[in-house]
Structure formats: structure tokens, C-alpha cells
Amino acid sequence: MSINIRLFASLREQIGESELSIEANKADNVREVWTIISNDSPMQANTLCSINMEYVNSDHKVKDGDEVAFFPPVTGG
Amino acid sequence: MIHIRDTAFQPWDEIQAYQNTLSIEGKYGATAVFVGSMRDFNEGDDVQAMTLEHYPGMTEKYLEKIIQQANDKWDLLDTLVIHRVGNIMPNDPIVLVVVWSAHRTNAFDASRFIMEELKSKAPFWKKEVLDNGSRWVGKNTSK
């Protein structure tokens, strides 16, 4: 079973993927997901995180089947 | 009503077309309209074009939440939000927010609220094309 990961804007370019997945038992929270997909790169202080399209903090727990997304500050409008 | 568009739109035609579908004739005394358009300059540089990316699904979810919050806060008759994604050229409209209500205060205040919330919460990202390359916009202006 797995966690699906979405990346947007500058973070998509940094990681080089827009979508990927990891085994659900590899990460306990959002920050650990980032550590795995970024090869231990520090998470920028302004990085925004969501689980299943709801904003969450980076210490939020993740579970099997979650869609976890990472993106920079939003700049719409 | 919320629309995410990947092609150019004409705000005034959209307002008229949407208003024609509403059954609020005689009920509204105020229509507040905000149109955000692309500038050809930013942070001291000429901007040739822009690409707007978004998070499909989450964008609509947050715009719906914002509109629901506006309806909870003010007495509104209807709202229309259109936002562009994709390739955008200077002078193209990027965002349209329209609020219909019985009185002006609710229309003014709700349209401002929707716009400011959209700017801070809706997952859109702008990448500017400059004379010598491209760059992600780091943050929205505060005014």
C-alpha cells in the first residue's frame, strides 16, 4: 500500500517529478515524506503541505492511501 | 459559480452571460466586480508572459470554501469567480470576482474578502517569462 505524492511549481522542478508514490510504512508524518522524496534536503520554512487537498502542518501523520502535496506559497489572483 | 479556465475570457461578457441565468431580477441593488489582469512589469523587470499552474481539485475545493464563508458572513444573492490557468499574456484578465447582493456594503465587503482569501489560500502559482529567462513569483503583493 502506498502514499501518493503531488508536487507543484518550484518544488516540482526541484524534485523533478509532479507525481510519485512511496510505501506507506516508510513515513510517519508529512515531513518524513519530504525527507524521503527529496533525498534528505531540508524543507524550506515557507513550504506548504496538504493531505487529501486540505492544508496541514508538516508534523501531521500520514496514512495509507493519503495524497500528500508539497508546494511553495500560493501566488494566484 | 466557479470556473477555472485555460483560455482567455472577457470579464464583461461573462458577467452578462452569467447574470442572464440568474433569477434575481429586482432583488439585487448592488453588483461588485473585481477584475485582476496581468501587468507587463513586476519587481522592476519587464514581464513578457506568464504561466499559471494550479492544483486541480484542491483549487475548486478552496474556492468553494471561500465562497461559502462569504455567504455565511454576508447576505449575498450570488457569486461568480473565474480564474485563468495556463499561458497568459500582459493585459489578459487573470481573475474575475463578482458578487450580487441587495445592498452595496455586503457586495463590496464580500468581494474584497473573496479576493484576499483567494490570494492567500487558493493553490495557484505564477511563473513569469522575463527578457533573460523565467522565474516563479515568490509571494503575492500585499496591496
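Right above here is the structure, for reference.
We now turn to the structure provided with this report. Not measured: the values here are computed from a predicted model. (Residues numbered from 1 in each chain as written. Chains lettered and ligands numbered in written order. Predicted model: local features only at pLDDT ≥ 70, side-chain atom pairs only at ≥ 80, totals over all residues.)

1. Some remarks on the sheet that holds strand S1 (residues 2–5) of chain B
Residue and element names in this part refer to chain B.
Then comes step 1: Taken in spatial order, the four strands make up an open sheet running S1-S5-S7-S2, and their pairing is mixed. Looking at the sheet topology across the chains shown, the edges are occupied by S1 and strand S2 (30–37). Averaged over all pairs of adjacent strands, the angle between strand axes in this sheet comes to 10 degrees, irrespective of strand direction.
Then comes step 2: Two strands pair when backbone bridges link them, and S1 and strand S5 (residues 78–84) are joined in this way by four bridges, in the parallel orientation. By the bridge assignment for S5, His-3 is matched with Ile-82.
Then comes step 3: Sitting on the sheet, helix H1 (residues 11–21) is in contact with S2, S5 and strand S7 (93–101), with an inclination near 35 degrees to S7.
Then comes step 4: Contacts from helix H3 (residues 104–121) reach S2, S5 and S7, with the element oriented near 150 degrees to S7. (Pairing = 2+ DSSP bridges. Helix = DSSP H or I, 4+ residues; strand = E, 2+ residues; numbered from the N terminus. Axes fitted to C-alpha atoms, helices over the stretch in contact; angles between N-to-C directions. Contact = placed C-beta atoms within 7 Å.)

2. Quick word on the sheet that holds strand S5 (residues 67–71) of chain A
Residue and element names in this part refer to chain A.
Then comes step 1: With mixed pairing, the five strands of this open sheet are ordered in space as S2-S1-S5-S3-S4. The open sheet has two edge strands with one neighbour each: strand S2 (19–23) and strand S4 (54–56). The mean inter-strand angle of the sheet, taken between neighbouring strand axes irrespective of direction, is 30 degrees.
Then comes step 2: As paired elements, strand S3 (residues 48–51) and S4 share three bridges and run antiparallel to each other. Bridge pairing links Ile-51 to Glu-54 in S4.
Then comes step 3: Sitting on the sheet, helix H2 (residues 30–37) touches strand S1 (2–7), S2, S3, S4 and S5, and the angle it makes with S2 is about 110 degrees.

Honestly, it's all geometry; don't read function into it.
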